[in-house]
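Here is how the chains run, residue by residue.
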Amino acid sequence: MRIAVIGQSLFGQEVYKELRKEGHSIVGVFTIPDKDGKADPLATEAEKDGVPVFKFPRWRVKGQGIPEVVDKYKAVGAELNVLPFCSQFIPMEVIDHPKHGSIIYHPSLLPRHRGASAINWTLIHGDKKGGFTVFWADDGLDTGPILLQRECDVEPDDTVNTIYKRFLFPEGVKGTVEAVRMIANGTAPKITQPEEGATYECIQKKDNSKIDWNQSAEAIHNWIRGNDKVPGAWAEVDGQKVTFYGSTLVDNGTTANGKPLEIPGASKPGLVTKTGLVLFGNDGKTLLVKNLQFEDGKMINAAQYFSAGASSAVELTEEEKTFAEQMRVVWKSILTNVDQVSDSTDFFKSGAASMDVVRLVEEVKLRRSELQLQNEDVYMATTFQDFIQMCVRKLRGEDGEEELVIDYVEKNVNNMTVKIPHQLFINGEFVDAEGGKTYKSINPTDGQAICDVSLGQISDVERAVAAAKEAFEEGEWGKMNPRDRGKLMYKLADLMEAHQEELATIESLDSGAVYTLALKTHVGMSIQTFRYFAGWCDKIQGCTIPINQARPNRNLTFTKKEPIGVCAIVIPWNYPLMMLAWKTAACLAAGNTVVLKPAQVTPLTALKFAELAARVGFPKGVINILPGSGALIGQRMSDHPDIRKLGFTGSTEIGKQIMKSCAVSNVKKVSLELGGKSPLIIFSDCDLDKAVRMGMSSVFFNKGENCIAAGRLFVEESVHDTYVQRVMEEVRKMKIGDPLDRSTDHGPQNHKAHLDKLVEYAAAGVKEGARLMCGGKQCARPGFFFEPTIFTDVQDHMFIAKEESFGPIMIISKFKNGDVDGVLQRANATEFGLASGVFTRDISKALYVSERLQAGTVFVNTYNKTDVAAPFGGFKQSGFGKDLGQEALNEYLKTKAVTIEY
């Protein structure tokens with residue numbers, strides 16, 4: 001279709017790019033004028049493509065369209081107007097002009113929260129569900145017919161920023177493009193909006209964002225987070241307007257100790273504590289505010305309310321003076337109306353705005369990459385002298401944290417600059433391996449080196465284990481309250497979420513994971529895992545036991561669950577960050593310290609994780625990361641006498657060797673998640689559409705590099721041919737390409753050796769007489785791409801029927817109609833037992849089959865649906881022990897029984 005895009009912002013830019021990828025012709029982009037000489041991102045993208053761009057300051061005057069503006073619009077000949085994010089009033093003669101009319105994106109579940117500031121009001125009202133609507137545009141009242149809606153859960157501490165980044169932006173782009181697709185296909189509905197439940201909200205401005213203290217703590221929290229960052233919820237404190245930021249709800253049972261702060265109208269005085277400002281609702285419950293901003297623009301940590309400005313100045317070294325003068329020039333370039341920047345020059349009083357804060361932070365990073373400022377830092381040091389003092393303290397590690405020195409490799413990719421650590425991480429520092437040894441980490445998309453990574457040696461294992469042992473036995477970690485341990489893990493999850501796009505990009509570069517999958521699963525589930533286990537830290541407990549002794553029975557027996565000590569973790573290359581999270585989160589929640597070896601071919605997200613853990617304050621030695629050879633590093637971990645537990649995910653062959661070494665060395669505890677050949681049984685009475693869709697996912701998810709991938713599909717004879725035809729059609733639709741391209745379905749295999757193995761595997765299937773329906777060979781393009789492959793007529797004796805491919809190869813065998821016990825016998829005729837699946841509408845059959853399948857996980861009418869709360873692990877030679885769920889904690893705990901006679 002010929003489409004006119006009317007709007008602005010990064011959201012508009014992404015919608016524009018995706019529409020072009022879909023093959024639509026963008027005949028014109030209509031956006032806002034340049035601001036301070038800088039074009040809107042949507043305009044920049046369109047101009048780069050040579051698409052006509054129009055920058056009208058307004059479309060109408062006194063409710064009437066401006067004739068010359070409307071004429072210029074009509075001249076482009078659009079068949080559809082798409083308004084992905086539009087802040088201007090568009091005349092109805094423009095809205096109704098195209099053949100297909102106009103559609104607009106709105107960030108709420110219409111008819112709720114019509115009008116402006118919809119995301120803010122979703123939070124202010126405490127809605128449990130949020131989302132977006134794509135509707136047929138009307139005269140600006142947001143009352144037009146609904147075309148498409150998507151909803152998401154609103155978390156208790158969500159902010160405008162978190163819900164936008166997590167759902168409204170990425171899913172909103174997809175939803176808008178899907179709406180256009182429906183219009184093009186003639187399937188787009190026009191659903192009249194109901195009046196029931198309709199609300200119309202005003203735009204949030206500073207004047208109407210004053211806090212009403214006569215509410216519950218939850219309502220006050222919702223008001224503050226709903227106004228964060230703009231316009232900011234405020235109240236009068238000590239005779240001036242103070243704006244509150246960074247609100248979280250606090251456990252009702254928490255008793256805060258701090259200095260009282262009188263707040264007019266509040267039911268009780270606030271408490272300034274070491275963690276922030278505790279506020280009380282009229283229900284007696286509490287919330288915690290992190291930052292406060294005064295009328296002059298200066299922001300402080302709420303914990304510093306009574307001591308703000310009390311710290312003494314530090315004397316600058318010559319190098320620091322040079323940095324200060326560089327920053328003085330930067331300030332002058334930003335504050336163009338200031339003749340000279342003196343020590344007392346105030347950033348905001350001199351005319352700076354929020355976009356200038358972003359620029360200042362980026363200018364600092366350009367000059368001192370190790371100085372990682374946040375926007376809030378600028379608000380907390382508004383004069384030039386305070387700003388320089390703050391920067392210097394951070395550089396010296398005098399702001400409560402030691403300086404973390406990182407030799408980054410920087411890559412400009414995926415519309416961002418990613419900063420990748422590449423050294424070993426031992427005892428809280430990034431260090432070179434012994435002898436400076438390195439190896440190259442390869443990008444599987446093009447086969448080129450990403451960077452040189454330090455190659456760990458035996459002596460590096462000794463250093464890491466010693467650091468972990470000291471941290472456990474003598475350090476702060478071993479003495480830490482479990483609840484404080486949980487707080488650190490929550491903070492780490494939050495920082496991972498703040499860096500999720502960078503982590504997903506690194507994961508795509510290093511492992512070949514499709515970016516959208518990396519963002520949702522590789523990184524998304526890692527964040528969920530740390531949050532889940534953070535909640536377990538203060539809930540690990542033993543029990544009392546009545547023992548049977550001679551009367552009188554004056555004994556008390558109880559059990560204690562204690563951490564094991566130094567734990568080694570060895571993870572695979574298919575989900576580098578997620579496998580790290582699955583094991584490390586449980587290990588840390590239990591109170592242990594860890595030495596982790598990432599797969600040699602995918603070390604980079606583990607090293608980025610180490611950086612983030614250090615930045616949130618994990619004590620030295622608690623987390624240590626050693627890239628290197630399994631034969632060297634992994635073997636030494638298995639043999640090391642000071643390591644008391646080893647968790648491993650990988651091949652059965654290596655798992656056996658590890659188990660033997662752990663037994664011989666010091667009988668260390670072991671958990672193993674090993675190989676699989678997971679059967680998926682598809683009965684003729686299933687929902688065939690779902691069986692096709694989930695069958696594709698069961699095999700081709702993450703390029704088939706999936707430990708629970710369906711290694712063999714058994715399809716009932718009566719639907720076999722139809723099923724094969726359907727999956728063949730779906731395979732033909734799969735887009736193979738750059739994993740950073742949002743439209744890619746299938747990226748490269750992880751590394752060259754694995755690609756070669758898949759080629760050999762397919763050749764073996766052909767040689768034994770299986771029928772190759774499609775694929776079976778390397779793609780004719782750079783990188784390690786393997787074609788999605790389907791084999792049929794696979795007999796039980798064949799190599800491909802028994803061995804795991806660990807790649808995008810679907811192995812299909814048929815079974816006789818009604819032969820339930822026969823197919824179960826065939827499905828269980830393997831030494832592996834990691835996962836399995838069954839598709840049937842017959843609940844009795846589903847229960848019968850799931851009872852008899854010999855696997856640690858059984859999926860019924862679904863597949864790949866793992867969750868952080870559900871235990872995960874295998875039977876037989878797929879290993880033992882569990883990741884995830886409460887059971888995973890037991891892998892990193894020891895039980896002590898205590899008996900007292902009194």
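Refer to the structure printed above.
Residues numbered from 1 in each chain as written. Predicted model: local features only at pLDDT ≥ 70, side-chain atom pairs only at ≥ 80, totals over all residues. Heavy atoms only, no water.

Colleague: What exactly am I supposed to notice about the layout of surface pockets here?
Modeller: Any space left empty among the atoms is revealed by the rolling of a water-sized probe across them. Computed from the structure, the second largest pocket encloses a volume of approximately 990 Å³. Lining the second largest pocket are 38 residues, and of these W573, F648, G650, S651 and I654 sit closest to its centre. Looking at the lining of the second largest pocket, the elements that each hand over two or more residues are α20 (630-639), β30 (645-649), α21 (652-666) and α24 (752-768). (1 Å grid on protein atoms, 1.4 Å probe; cavity = no way out; pocket = protein on both sides within 12 Å on 5 of 7 lines; lining within 4 Å. Points joined across faces, edges and corners; volume = space filled by probe spheres on them. Helix = DSSP H or I, 4+ residues; strand = E, 2+ residues; numbered from the N terminus.)

Colleague: Explain the environment of A184 to me, please; I cannot follow it from the model alone.
Modeller: In this fold, A184 is placed in helix α7 (residues 170-185). Relative accessible area serves as the criterion here: at 43%, A184 is assigned to the partly exposed category. Through-space distance from the C-alpha of A184 to that of C202 is 35 Å; in sequence the pair is 18 residues apart. The residues touching A184, leaving out its near neighbours within four places in the chain, are M1 and H24. (Buried < 20%, exposed > 50% of the residue type's maximum accessible area, 1.4 Å probe, protein only. Contact = heavy atoms within 4.5 Å.)

Colleague: Could you clarify how one ought to interpret helix α26 (residues 820-827) in this entry?
Modeller: By the burial criterion, the buried members of α26 are V820, G822, V823, L824 and A827. Buried residues belonging to α26 abut β32 (678-682), β33 (710-716), β36 (809-815) and α27 (843-852). With a side-chain oxygen positioned 3.0 Å from the backbone nitrogen of G822, the residue opening α26 is D819. (Polar contact = N/O pair within 3.5 Å; in protein donor to acceptor, adjacent residues only side chain to side chain.)

Colleague: Can you walk me through the nonpolar core in this structure?
Modeller: Note on soluble globular proteins: their nonpolar side chains tend to be buried together. Core analysis: the largest hydrophobic core is formed by 111 residues, its most contacted members being M489, F530, F533, F618 and L713. Looking at which element gives the most residues to this core, the answer is helix α18 (residues 576-589), with eleven residues. The contact partners of F530, leaving out residues within four places of it in the chain, are M489, L492, A493, M496, A581, T584, A585, L588 and F609. Residues A46, V82, I163 and V180 belong to the second largest nonpolar core, which totals 34 residues. (Core = buried A, V, L, I, M, F, W, Y, C linked by side-chain atoms within 4.5 Å.)

Colleague: How do you make sense of the packing of helix α16 (residues 500-511) against helix α17 (residues 515-534) when you look at a structure like this?
Modeller: Packed helices, taken two at a time, are described by their axes: the angle between them and the distance between them. Two elements in contact, α16 and α17, have axes separated by 9 Å at closest approach and are oriented at 120°. Regarding α16 and α17, the two cross each other, and that crossing is right-handed. Contacts between α16 and α17 involve Q500, E501, L503, A504, T505, E507, S508 and S511 from the first element and Y515, A518, L519, H522, V523 and I527 from the second. Its residues placed into classes, the contact of α16 with α17 shows seven nonpolar, five polar and two charged. (Axes fitted to C-alpha atoms, helices over the stretch in contact; angles between N-to-C directions. Left-handed = near helix turned anticlockwise from the far one by under 90°. Nonpolar A, V, L, I, M, F, W, Y, C, P; charged D, E, K, R; others polar.)

Colleague: Just checking my understanding: could you explain the pairing of strand β24 (residues 448-454) for this structure?
Modeller: Across a regular strand the side chains alternate sides, sitting on one face of the sheet and then on the other. With six bridges joining them, strand β23 (residues 438-443) and β24 adopt antiparallel strand pairing. Bridge pairing in β24 places S441 opposite C451. Linkage of β23 to β24, two consecutive antiparallel strands, is achieved through a turn of four residues, within which G447 is found at a positive phi near 75°. (Pairing = 2+ DSSP bridges.)

Colleague: It is not clear to me how the sheet that holds strand β26 (residues 555-563) should be interpreted in this structure. Could you clarify?
Modeller: Sheet strands pair by backbone hydrogen bonding; their relative direction is either parallel or antiparallel. A sheet is described by the order of its strands in space; here three strands give the open sequence β25-β26-β42, paired in antiparallel fashion. The two strands at the open ends of the sheet, each matched to only one other strand, are β25 (544-545) and β42 (893-901). Where β25 lies against β26, two bridges are found, and the strand directions are antiparallel. Its bridge partner lying in β26, I545 is registered against T557.

Colleague: Sorry, what's going on with the pattern of salt bridges here?
Modeller: Opposite charge on two side chains makes pairing possible when the charged atoms of those side chains draw close. Throughout the structure, instances matching the rule amount to 47 salt bridges. Measuring nitrogen to oxygen at the nearest pair gives 2.9 Å for the salt bridge that ties E611 to K608. Of this pair, E611 and K608 are both found in helix α19 (residues 604-616), three residues apart, which corresponds to roughly one turn of the helix. You'll find E611 and K608 in the same group, each marked buried. Taking the shortest distance from any N to any O, the salt bridge between D796 and R826 comes out at 2.9 Å. With D796 in the loop between β35 (789-792) and α25 (799-802) and R826 in helix α26, this pair connects stretches of sequence that are 30 residues apart. Overlapping salt bridges bring together E18, K21, K735 and D741 as one network. (Salt bridge = Lys/Arg side-chain N within 4 Å of Asp/Glu carboxyl O.)

Colleague: Please explain the side chain of S878 as it appears in this structure.
Modeller: With respect to the helices and strands, the residue S878 is situated in the loop between β40 (875-876) and β41 (879-880). Given a relative accessible area of 0%, S878 falls into the buried group. Reaching out from S878, the side chain makes a polar contact with the backbone oxygen of G675 at a distance of 2.5 Å. Once residues lying within four places of it in the same chain are set aside, the contact partners of S878 are L672, E673, L674, G675, G676, E831, F832, G833 and L834.

Colleague: Whenever I open this one, helix α3 (residues 67-74) confuses me. Can you help?
Modeller: In an α-helix there are 3.6 residues to a turn, and that puts residues three or four apart on one side. Those residues of α3 not exposed but buried are V69, V70 and Y73. Buried residues along α3 cover an arc of 95° about the axis, so they all sit on one side. Structural note: α3 exposes P67, E68 and D71 on the side pointing more than 90 degrees away from its buried face. (Arc of directions from axis to C-beta.)

Colleague: What should I look at first to understand unusual backbone geometry in this one?
Modeller: In terms of backbone geometry, most residues other than glycine have negative phi values and most peptide bonds are trans. For the bond running from L110 to P111, omega is 15°, close enough to zero to count as cis. Within the secondary structure layout, P111 lies in the loop between β7 (102-106) and β8 (114-115). You will see that N415, though not glycine, has its phi angle at about 60°, which is positive. In the Ramachandran plot, V667 falls in the positive-phi region, its phi being about 50° despite a non-glycine side chain. Turning to its location among the elements, V667 is positioned in the loop between α21 and β31 (669-673).

Colleague: Would you mind showing me how to read the pairing of β35 here?
Modeller: Covered by surrounding structure in β35 are T789 and F791 together with I790 and T792, the residues of both alternating faces. Sheet topology note: the strand β34 (residues 771-774)/β35 ladder contains three bridges and is antiparallel. Counted as the bridge partner of R771 is T792 from β35. Here three bridges tie β35 to β36, and the two strands are oriented parallel to one another. Residue F791 lies in a different strand from β36, and its bridge partner there is I811.

Colleague: Mind showing me how you'd approach a nonpolar patch on the surface here?
Modeller: A cluster of nonpolar side chains, namely L556, I900 and Y902, defines an oily patch on the protein surface of about 290 Å² accessible area. As for its placement among the helices and strands, L556 is situated in strand β26. The exposure class assigned to L556 is partly exposed, which follows from its relative accessible area of 37%. (Patch = residues over 30% accessible without salt bridge, like charges linked within 9 Å, V, L, I, M, F, W, Y side chains within 5 Å. Areas by Shrake-Rupley, 256 points an atom, 1.4 Å probe, with all protein chains shown as cover.)

Colleague: How should the packing of aromatic side chains be read in this particular structure?
Modeller: Aromatic ring pairs are defined here through the distance separating the ring centres and the angle between the ring planes. Per the stated rule, a full pass over the model turns up 30 aromatic pairs. Aromatic side chains W213 and F244 sit 5.9 Å apart centroid to centroid with 75° between the ring planes, which places their arrangement in the edge-to-face category. Separated by 31 residues along the polypeptide, W213 in the loop between β11 (200-201) and α8 (217-226) and F244 in strand β13 (residues 240-249) bring together distant segments of the chain. Under the relative-accessibility criterion, W213 is labelled buried at 5%. (Phe/Tyr/Trp six-rings, centres within 6.5 Å; stacked < 30°, edge-to-face > 60°.)

Colleague: What is the right way to read the environment of R225 from this model?
Modeller: Following the sequence through the fold, R225 ends up in helix α8. In sequence terms R225 and N548 are 323 residues apart; their C-alpha atoms lie 57 Å from each other. Other than its neighbours up to four places away in sequence, R225 contacts L123, V154, E155, P156, D157, D158 and V160. At 3.2 Å, the side chain of R225 and the backbone oxygen of P156 are in polar contact.

Colleague: Teacher, can you tell me more about the sheet that holds strand β39 (residues 857-860) here?
Modeller: An order of β34-β35-β36-β33-β32-β38-β39 is seen for the seven strands of this open sheet, with the pairing classed as mixed. Here the strands that pair on one side only, and so sit at the sheet edges, are β34 and β39. Taking the axes of each pair of neighbouring strands and ignoring which way they run, one obtains an average angle of 20° across the sheet. In the sheet, strand β38 (residues 835-839) pairs with β39 via four bridges, with the strands oriented parallel. Counterpart to A835 in the pairing with β39 is T857.

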